[in-house]
Amino acid sequence: IVNEVHRGKYVALRVKGVSMDDGTSNAILPNSIVSCRELQMVHWKDKLRIKKFPYWAIATKESSYPLLKQITHHDVEKGVITCHSKNTGPEYQDFELSLNEVTALFYVVDINRSISDKNYF
């Protein structure tokens, strides 16, 4: 539900995997739906607004589906972002990603959290 017409490209994505599940009430669980707005490529050379929008869906040349990550740092000079998972498991370590490998960036504007890891649809 919105109070006004919004411009831009929006997508809704179903969360797959547990990389954003830290076991707290702030976890983003599998099968949750994240609503995102695309940040056009022309704005990638500016400092990303990662404090206002910490969670991002990141489409890359290598991945068949977007990655849901928290961007914790943006090195504008090098064109590199640091991606963080909420899950603290050893397989979910922070990593740097060159924006040259990114095909689309979407910042998360809303999270519809699932109450279960089961998919009933």
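So, how was this worked out
Residues numbered from 1 in each chain as written. Predicted model: local features only at pLDDT ≥ 70, side-chain atom pairs only at ≥ 80, totals over all residues. Heavy atoms only, no water. Helix = DSSP H or I, 4+ residues; strand = E, 2+ residues; numbered from the N terminus. Contact = heavy atoms within 4.5 Å. Pairing = 2+ DSSP bridges. Axes fitted to C-alpha atoms, helices over the stretch in contact; angles between N-to-C directions. Buried < 20%, exposed > 50% of the residue type's maximum accessible area, 1.4 Å probe, protein only. Lys, Arg positive; Asp, Glu negative; His and termini not counted. Salt bridge = Lys/Arg side-chain N within 4 Å of Asp/Glu carboxyl O. Polar contact = N/O pair within 3.5 Å; in protein donor to acceptor, adjacent residues only side chain to side chain. Core = buried A, V, L, I, M, F, W, Y, C linked by side-chain atoms within 4.5 Å.

S.K.: Give a description of the environment of leucine 105 that names residues and reports values.
M.R.: The topology assignment puts leucine 105 in strand β7 (residues 102-112). Ignoring sequence-local partners within four residues, the contact set of leucine 105 consists of Arg37, Glu38, Leu39, Trp44, Leu48, Trp56, Ala57, Ile58 and Leu99.

S.K.: So, the sheet that holds strand β4 (residues 67-75): which residues are in play, and what are the values?
M.R.: Read from one edge to the other, the open sheet built from 7 strands follows the order β1-β2-β7-β3-β4-β5-β6, with strand pairing classed as antiparallel. Each end of this open sheet is capped by a strand with a single partner; those strands are β1 (10-14) and β6 (95-98). Between one strand axis and the next, the sheet turns through 45 degrees on average, direction left out of account. As paired elements, strand β2 (residues 33-39) and β7 share 7 bridges and run antiparallel to each other. Residue pairing across strands places arginine 37 opposite tyrosine 107, the latter belonging to β7.

S.K.: Explain the side chain of lysine 69 to me, using residue names and the numbers behind them.
M.R.: Turning to its location among the elements, lysine 69 is positioned in strand β4. The side chain of lysine 69 is buried and forms no salt bridge, while aspartate 94, the nearest opposite charge, is found at 8.3 Å. A polar atom in the side chain of lysine 69 sits 2.7 Å from the side chain of serine 85. Beyond its immediate chain neighbours, meaning those up to four positions away, lysine 69 contacts Ser19, Met20, Pro54, Tyr55, Trp56, Ile58, Cys83, His84, Ser85 and Phe95.

S.K.: Please set out the pairing of β4 residue by residue, giving values where relevant.
M.R.: Successive residues of a regular strand alternate their side chains across the two faces of the sheet. Summarising the sheet, strand β3 (residues 55-60) and β4 pair through 4 bridges and their orientation is antiparallel. Residue tryptophan 56 lies in a different strand from β4, and its bridge partner there is lysine 69. What sits between β3 and β4 in their antiparallel hairpin is a turn of 6 residues. Of the strand pairs in this sheet, β4 and strand β5 (residues 80-84) are connected by 5 bridges, and their pairing is antiparallel. What sits directly across from histidine 73, in β5, is threonine 82. Turn length for the β4-β5 hairpin, with the two strands adjacent in sequence and antiparallel, is 4 residues, and the turn residue glycine 79 shows positive phi of about 70 degrees.

S.K.: Would you mind going over the nonpolar core in detail, with residue names and values included?
M.R.: Core analysis: the largest hydrophobic core is formed by 15 residues, its most contacted members being Leu48, Trp56, Ile58, Ile71, Ile81, Val102 and Leu105. Of all the elements in the fold, those that place two or more residues in this core are β3, β5 and β7. No other element matches the 3 residues that β7 contributes to this core. If you look at the next biggest cluster of nonpolar residues, it comprises 12 residues, including Val15, Cys36, Tyr55 and Ala104.

Coordinates in, geometry out; function isn't part of it.
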